[in-house]
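Observations on chain architecture
One-letter residues, chain by chain:
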Amino acid sequence: MTSSPAPHASSRPVVQVALAEYGNVSQLKVGEAALPAPAAGEVQIRHTAIGVNFVDIYHRTGRYALPALPAVLGVEASGVVEAVGPGVESLHPGQRVAYAGLPAGSYASARNLAADRVIPLPDDIDDDVAASLLLRGITAHMLSAYVYPIKAGDTVLIHAAAGGLGLVMVQWAKALGARVIGTVGSTAKAELAKAHGLDEVILYREQDFGAAILSMTDGRGVDYAIDGIGGTTLVETLGTVRPFGVVASVGQVSGDPAPIDLSLLGPARSISLSRPSVFRFVSDPVRYREGGLATFERLRKGLKAKIGTVLPLAQAAEAQRRLERGETSGSILLRP
């Protein structure tokens, strides 16, 4: 049996994937760096699984600017506490933990992080599961409890229903008693989404999703629509929601929409458009832990984690390439 690491470790070499300049995946450079001992209020985490999210691509391209370059990407991971800095009493070496949110820096074999950004992992939650859906679970909690409280009998539209967030959101909404309609890009993704509880599917490459939704709802429209696609899809989605319903814009995979004319929201339609940020949500320590605990509870009640791809940390560029091209279903993990 190996002994536990010392509470205050000296600097150690780590492998990391850093962004040299904003641009394509060629700007992601694999290298080695010296990781100092954790400072006061920090813990040092040895990663066991690293989540890959679309926001990592936004950071790489500069759509969401980082504080400075070069920078290590990644906003989600699980691992083991290797050392604790002065003043940290809530965590200890050897403890399994996970985290989600800013500051970026999870594309590394280990990192230092403020202790209040770290959530202890219960024994019944696997490292890979936590790294694959903690951020998405917190997002689903935010979307279903704060942006629009989903209740039994609601009809919810989820774009990209077979994606990482989509699969979590489908299950979350179903657990709350909603009827869930989803858009997907292929029959294979349709089957995957249905296997996770999707009630009705629309193949958006073959169908006019707006017309299909109105047909499915007898012309009424859905109560709530969640759009992570952006671009013209967001504008078209506004026409699928009932009067006084809500549209949540949570991403822009296909690009930013043009400025939206308020006449598209009302008075004729009288709908609300929300632009919630999970990073703003988790910046509140209370809501952050609330969302994490809600995710763990959903997992215990049957929420399934779909891990579609696991790649070595050094292949972070390939992971982003696959995600950007829409070649994946479920979550992508990097293994240090």
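Relevant structure appears above.
Every value quoted in this text rests on a predicted model; they were computed, and no experiment measured them.

Thresholds applied
Residues numbered from 1 in each chain as written. Predicted model: local features only at pLDDT ≥ 70, side-chain atom pairs only at ≥ 80, totals over all residues. Heavy atoms only, no water. Helix = DSSP H or I, 4+ residues; strand = E, 2+ residues; numbered from the N terminus. Expected span 1.5 Å × (residues − 1). Bend = angle between axes of the 7 residues up to and from the residue. Buried < 20%, exposed > 50% of the residue type's maximum accessible area, 1.4 Å probe, protein only. 1 Å grid on protein atoms, 1.4 Å probe; cavity = no way out; pocket = protein on both sides within 12 Å on 5 of 7 lines; lining within 4 Å. Points joined across faces, edges and corners; volume = space filled by probe spheres on them. Nonpolar A, V, L, I, M, F, W, Y, C, P; charged D, E, K, R; others polar. Salt bridge = Lys/Arg side-chain N within 4 Å of Asp/Glu carboxyl O.

Here we look at helix α2 (residues 127–147)
Over its 21 residues, α2 runs 29 Å from end to end, which matches the ideal 30 Å to within 8%, given 1.5 Å per residue. For α2, the principal kink sits at L133 and spans about 50 degrees. Counted residue by residue, α2 has 17 buried out of 21 residues, so it is predominantly covered.

Section: the layout of surface pockets
One number sums up the size of the largest pocket: a volume of about 1,200 Å³. Taken together, 48 residues make up the lining of the largest pocket; nearest its centre are F54, A160, L165, G228 and V253. Its residues assigned to classes, the lining of the largest pocket comprises 23 nonpolar, 18 polar and seven charged. Size it by volume and the second largest pocket reaches roughly 270 Å³. In terms of lining residues, the second largest pocket is bounded by 20 residues, among which V72, P103, A104, G105 and R111 are the most central. Secondary structure elements with two or more residues in the lining of the second largest pocket: β1 (12–19), β2 (28–35), β4 (71–72) and β7 (110–114).

Structural notes on the pattern of salt bridges
For the structure shown, the criterion picks out 16 salt bridges. In this structure, the salt-bridge partner of D128 is R335, at a minimum N-O distance of 2.8 Å. One end of the pair, D128, is in helix α2; the other, R335, is in strand β16 (residues 331–335), and 207 residues separate them in sequence. A salt bridge links E318 to R321, with the shortest nitrogen-to-oxygen separation between them at 2.5 Å. Of this pair, E318 and R321 both sit in helix α9 (residues 316–324), three residues apart, which is roughly one turn of the helix. One connected set of salt bridges, linked through shared partners, spans D124, E297, R300 and K301.

Comments concerning unusual backbone geometry
Residue P70 is reached from L69 by a cis peptide bond, and omega for that bond is -5 degrees. Its location among the elements puts P70 in the loop between α1 (54–61) and β4. Phi at A160 is positive, roughly 55 degrees, even though this residue is not glycine. In this structure, A160 sits in the loop between β9 (155–158) and α3 (164–175). Judged by its relative accessible area of 36%, A160 falls in the partly exposed class. The residue D218 is not glycine, and still its phi comes out positive at about 55 degrees.

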